[in-house]
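# Analysis of the macromolecular model
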Amino acid sequence: MLEESGIAAAVRLPGQTKSSPEAQPKPVASSSTAFRTSRNRWSSPSPLRSFLSAAALVLVVALVQLILHDAKLQRLQVLRSHLIHSSSSSSVSSRSSFFFPLHPHFPPGPPIASPVAHFDDPDAVCLNPASFPSTQPTSIPLTTMALADDTKRVVDQFEFTDADVNAHVQEFLKQMNEGLAKDGTSLSQIPTYVTAVPNGTEKGLYLAVDLGGTNFRVCSIMLNGDHTFNLTYNKVAIPKELMVAKTSEELFAFLAKQIELFLREHHADRFESHVHRRHTGSDRRGYTEEQIFRLGFTFSFPVQQLGINKGKLMRWTKGFDIPDTVGKDVCALLQNEIDKLHLPVKVAALVNDTVGTLMARSYTSSGKHRSILGAIFGTGTNGAYIEKVENIKKKIEGEYDTSTGEMVINTEWGSFDNQGNVLHSTPWDKQLDRESVNPGFQMFEKCVSGMFLGEILRLATLDMMKSPESTLFKDTNSSTNDWATTTNVAAHSGLHRQWGLDSAIMSVAAADNTPELSTLRQELENTLHIYNPSLEDAQAFKSVAAAVGRRAARLSAVAIGAIVIQSGKLNDPKEDIIDIGVDGSLVEHYPFFRDMIHEALAAVTEIGTQGADKIRIGVAKDGSGVGAALIALVAAKMEKPGDFMREMRKDIKRQLDSLPAVADDSRINPAVAIGGVIGLAAIAALWWNKKR
Ligand code: ADP
Ligand code: MG
């Protein structure tokens, strides 16, 4: 508006035939005249008026002083009578209790040589309050017996004895072999068509994406061919609203978008040249193999593999529930969204994270011992191991390389013993299952993995809090809390919400062995909004968390132990090490998780201490990403010369033809050019007019 009127005024200036009302100086002049008049009246006072004003001022000041003095006298009187009354009972307690009533259990502390007020001094208006007793307050175990009993009641229910370990191993072996014999059993035992593992000499640059249960990772991996690799990655949390939906379109669109962002950030040169090529429409079929990324897709859910880059989703797990995706090819769903963004990416291989971990561990281990098992203990749990083809009794559809006599089998052990032959559930396991999106399924996973451990702990903790005998996170008063205050659980605490307790706090609880458990207590405040938990509260929480974590580790040993026995390597004198690759935040971060597994393995009759010593469990960090790259490489090797590019060019041509032609960014749009010329001419005319 202002600019418009400014231009209008400028245009009118030369021949000004019309004047606007705002241009008239009259109203401004009249207001300044009024101001001058009033100032003149006050600038020439008469002598009588000056005298009266001064007298009034003196009167007001005297009055105010009188009032203030009176108020001060009154305050002093009140203070004096209060202090004289207090000092007449006991000198020490009177000094302390004047401001801070002491709890009877706290020692009163030595007399304190603080400046004492002289009550006769009329200027004494503020006394120095007594300081706190110098001895440290200690927690008074009034109610802890009840809490200790209640904690034991809960902890005992997570007991998993050596006998339990053995019984579960036998059942696991039985269900493994059932799964190798037929479909539709609790352990799916899915053939992966991977018949060999890498030896560390593989080379090349590959893209990999990993859809876990909590996070989505996009990475590019340069395999150096000497057991080493260089990995660049981005990681984002999967938005909860995409996990439970009617269709998976938004989920896969989100994944494709993350791939685009990754390429822009880390492979800008290759990405930009692709964009430029696409926009100019030049050389449509001029792609070379170097310009297209082959991508390994790690998809950590049960899939029926139909080919190296083709697989139908069997069911969702880990809290995902998107009904329309079950039975669909997840590679095609991802490729579709990648194509919508016109990215130079081809989904070349579909990999389960367990298979990826096994591949990565084999690639990086430089010794003669190849891994026999890749296992995941993250949001979910699962394992893939090398099986003799002769043991796979059910039909393996399609072609595969028979030269090694072996094939990697994806066990899908998360659903071990869904039928409940041996697994026994605590009330909190049962409640978790009832309230989950897949009751009755993934029963082993629900006792073992990161997504569920926190929830079990939450339900057990809530149960203890509700029990009238237990004092967990409840203080009778500040004397029962070693911080001399009372605990408060915020209404919005995760304790009150399903999945509101992340199992990461269990690692903090297990790692904190300080006498005051100060780190754990800080974590309870920070993550669960439980303010001022007492030492006893933290001890109880730590005990229950440890029981849940220990049972998970011993159950993990059941799966690992059964596969070690199945491998037949325990009694092979040539095999002095049985290597196992693991990945996932739980096994990586939970203190002593692997040690607890080892301890339970030694308790298995067929393994014993000697057998357990042969078993080496090593973390294959980022195993699923590296493994996906390795499978993409395997896929590349399987292609007949020219296959990949022929298919790729066909896809790209189809997409480009279906697009409306987009002009090259570098060419000048004629409409913009004409607009620019007219604009310039208008400015020149204005300037010329003004000058004249
Ligand atoms: P994903 O399963 O998506 O590949 P992760 O392997 O990182 O991802 O596992 C994430 C799971 O691990 C979450 O359920 C989380 O609660 C759990 N978790 C993360 N950190 C820890 C930790 N320090 N201790 C125990 N569990 C953890
Ligand atoms: Mg993972």
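By the naming in an unreviewed UniProt entry, the chain goes by glucokinase and is assigned to Sarocladium strictum. The Pathway (unreviewed entry) comment attached to the chain in UniProt states, word for word, "Carbohydrate degradation; glycolysis; D-glyceraldehyde 3-phosphate and glycerone phosphate from D-glucose: step 1/4."

As a further point, take the packing of aromatic side chains. For any pair of aromatic rings, the description rests on two quantities: the centre-to-centre distance and the angle between the ring planes. Evaluation of the coordinates by the stated rule reveals 15 aromatic pairs. Judged by centre distance (5.1 Å) and plane angle (50°), the ring pair of Phe299 and Phe301 falls under tilted. Phe301 carries the same exposure label as Phe299, and that label is buried. Aromatic side chains Phe416 and Phe444 sit 5.5 Å apart centroid to centroid with 80° between the ring planes, which places their arrangement in the edge-to-face category.

It is worth spelling out the side chain of Asp429 at this point. Mapped onto the elements, Asp429 comes out in helix H12 (residues 427-434). Judged by relative accessible area, Asp429 falls into the buried class, the value being 6%. Ignoring any residue separated from it by four or fewer positions in sequence, one finds Asp429 in contact with Cys447, Ile456 and Arg551.

Moving on, we get to the packing of H12 against helix H14 (residues 450-466). The interhelical angle for the contact between H12 and H14, taken along N-to-C directions, is 120°, at an axis separation of 9 Å. Considering the angle they form, H12 stands oblique to H14. You can see that H12 and H14 cross each other, and the crossing is right-handed. Packed against H12, whose contacting residues are Trp428, Asp429, Gln431 and Leu432, the element H14 presents Phe452, Glu455, Ile456, Leu459, Ala460 and Asp463 at the interface. Considered class by class, the residues forming the contact of H12 with H14 number six nonpolar, one polar and three charged.

Turning our eyes to something else, we now look at helix H10 (residues 330-340). Among the residues of H10, Val330, Cys331, Leu334, Gln335, Glu337, Ile338 and Asp339 are the ones counted as buried. Its side-chain oxygen at 3.0 Å from the backbone nitrogen of Cys331, Asp329 defines the N-terminal cap of H10. Looking at the residues trailing H10, positive phi occurs at His342, about 55°.

Bringing the site of ligand 1 into the picture now. Inspection of the region around ligand 1 gives 17 residues, with Gly213, Thr379, Asp502, Ser507 and Ser585 positioned closest. Taking Arg217, its side chain carries an N or O atom lying 3.5 Å from an oxygen atom of ligand 1. Protein chains bury 86% of the 570 Å² of accessible surface belonging to ligand 1 in isolation. In this structure, ligand 1 is accommodated by the largest pocket. Sorting the residues of the shell around ligand 1 by element identifies strand S3 (215-224), H14, helix H15 (504-511) and helix H18 (585-589) as the ones contributing at least two each. At three residues, H18 tops the list of elements feeding residues into the shell around ligand 1.

Let us now look at the sheet that holds strand S1 (residues 190-191). Taken together, the six strands give an open sheet; going across it, the order is S1-S11-S10-S9-S14-S15, and neighbouring strands pair in mixed fashion. At either end of the open sheet lies a strand with only one pairing partner, and these are S1 and strand S15 (615-619). The pairing of strand S9 (residues 371-377) with strand S10 (residues 381-388) spans five bridges and is classified as antiparallel. Bridged to Gly374 within S10 is Ala384. Packing against the sheet, helix H11 (residues 353-364) makes contact with S9, S10, strand S11 (406-410), strand S14 (578-583) and S15, and its axis sits at approximately 130° to S9. Relative to S9, helix H17 (residues 535-567) is tilted by about 165°, and along the sheet it contacts S9, S10, S14 and S15.

What follows deals with the layout of surface pockets. For the largest pocket, the calculated volume is near 1,100 Å³. For the largest pocket, the lining is made up of 42 residues, of which Thr214, Gly378, Thr379, Gly450 and Met451 are closest to its centre. Looking at the lining of the largest pocket, the elements with two or more residues in it are S3, strand S4 (229-237), helix H7 (240-243), H14, H15 and H18. In this structure, the second largest pocket encloses a volume near 660 Å³. Residue lining of the second largest pocket: 32 residues in total, with Tyr193, Val194, Thr195, Ile308 and Val634 positioned closest to the centre. Going through the elements one at a time, S1, strand S6 (303-307), strand S8 (345-351), H11 and helix H21 (623-638) are the ones with two or more residues in the lining of the second largest pocket. Counting residues per element, the lining of the second largest pocket draws most heavily on H21, which supplies six residues. In terms of residue class, the lining of the second largest pocket is made up of 22 nonpolar, six polar and four charged.

On to unusual backbone geometry, then. If you check the backbone angles, Gln189 has positive phi at about 45° while not being a glycine. On the secondary structure map, Gln189 appears in the loop between helix H6 (162-181) and S1. The exposure class assigned to Gln189 is buried, which follows from its relative accessible area of 0%. In this structure, Glu412 is a non-glycine residue whose phi angle is positive, near 55°. Relative to the assigned elements, Glu412 resides in the loop between S11 and H12.

By the definition in use, this model includes 23 salt bridges. As a salt-bridge pair, Asp162 and Arg554 come within 2.5 Å of each other at their nearest N and O atoms. One end of the pair, Asp162, is in helix H6; the other, Arg554, is in helix H17, and 392 residues separate them in sequence. Residue class for Asp162 comes out partly exposed when judged on its relative accessible area of 41%. Between Lys340 and Glu337 there is a salt bridge; the shortest N-O distance is 3.1 Å. Highlighted residues: Lys340 and Glu337, both in helix H10, separated by three residues, approximately one helical turn. We classify Lys340 as partly exposed; its relative accessible area is 46%. Connected via shared salt-bridge partners are Asp162, Arg550, Arg554 and Glu599.

Here is what the cut-offs are and how they apply
- Residues numbered from 1 in each chain as written.
- Chains lettered and ligands numbered in written order.
- Predicted model: local features only at pLDDT ≥ 70, side-chain atom pairs only at ≥ 80, totals over all residues.
- Heavy atoms only, no water.
- UniProt positions renumbered as here; feature names shortened; annotations may be inferred.
- Phe/Tyr/Trp six-rings, centres within 6.5 Å; stacked < 30°, edge-to-face > 60°.
- Buried < 20%, exposed > 50% of the residue type's maximum accessible area, 1.4 Å probe, protein only.
- Helix = DSSP H or I, 4+ residues; strand = E, 2+ residues; numbered from the N terminus.
- Contact = heavy atoms within 4.5 Å.
- Axes fitted to C-alpha atoms, helices over the stretch in contact; angles between N-to-C directions.
- Parallel < 35°, antiparallel > 145°, perpendicular 65-115°, else oblique.
- Left-handed = near helix turned anticlockwise from the far one by under 90°.
- Nonpolar A, V, L, I, M, F, W, Y, C, P; charged D, E, K, R; others polar.
- Polar contact = N/O pair within 3.5 Å; in protein donor to acceptor, adjacent residues only side chain to side chain.
- Near = heavy atom within 4 Å.
- Areas by Shrake-Rupley, 256 points an atom, 1.4 Å probe, with all protein chains shown as cover.
- 1 Å grid on protein atoms, 1.4 Å probe; cavity = no way out; pocket = protein on both sides within 12 Å on 5 of 7 lines; lining within 4 Å.
- Sits in = over half its atoms within 2 Å of the grid points.
- Pairing = 2+ DSSP bridges.
- Points joined across faces, edges and corners; volume = space filled by probe spheres on them.
- Salt bridge = Lys/Arg side-chain N within 4 Å of Asp/Glu carboxyl O.

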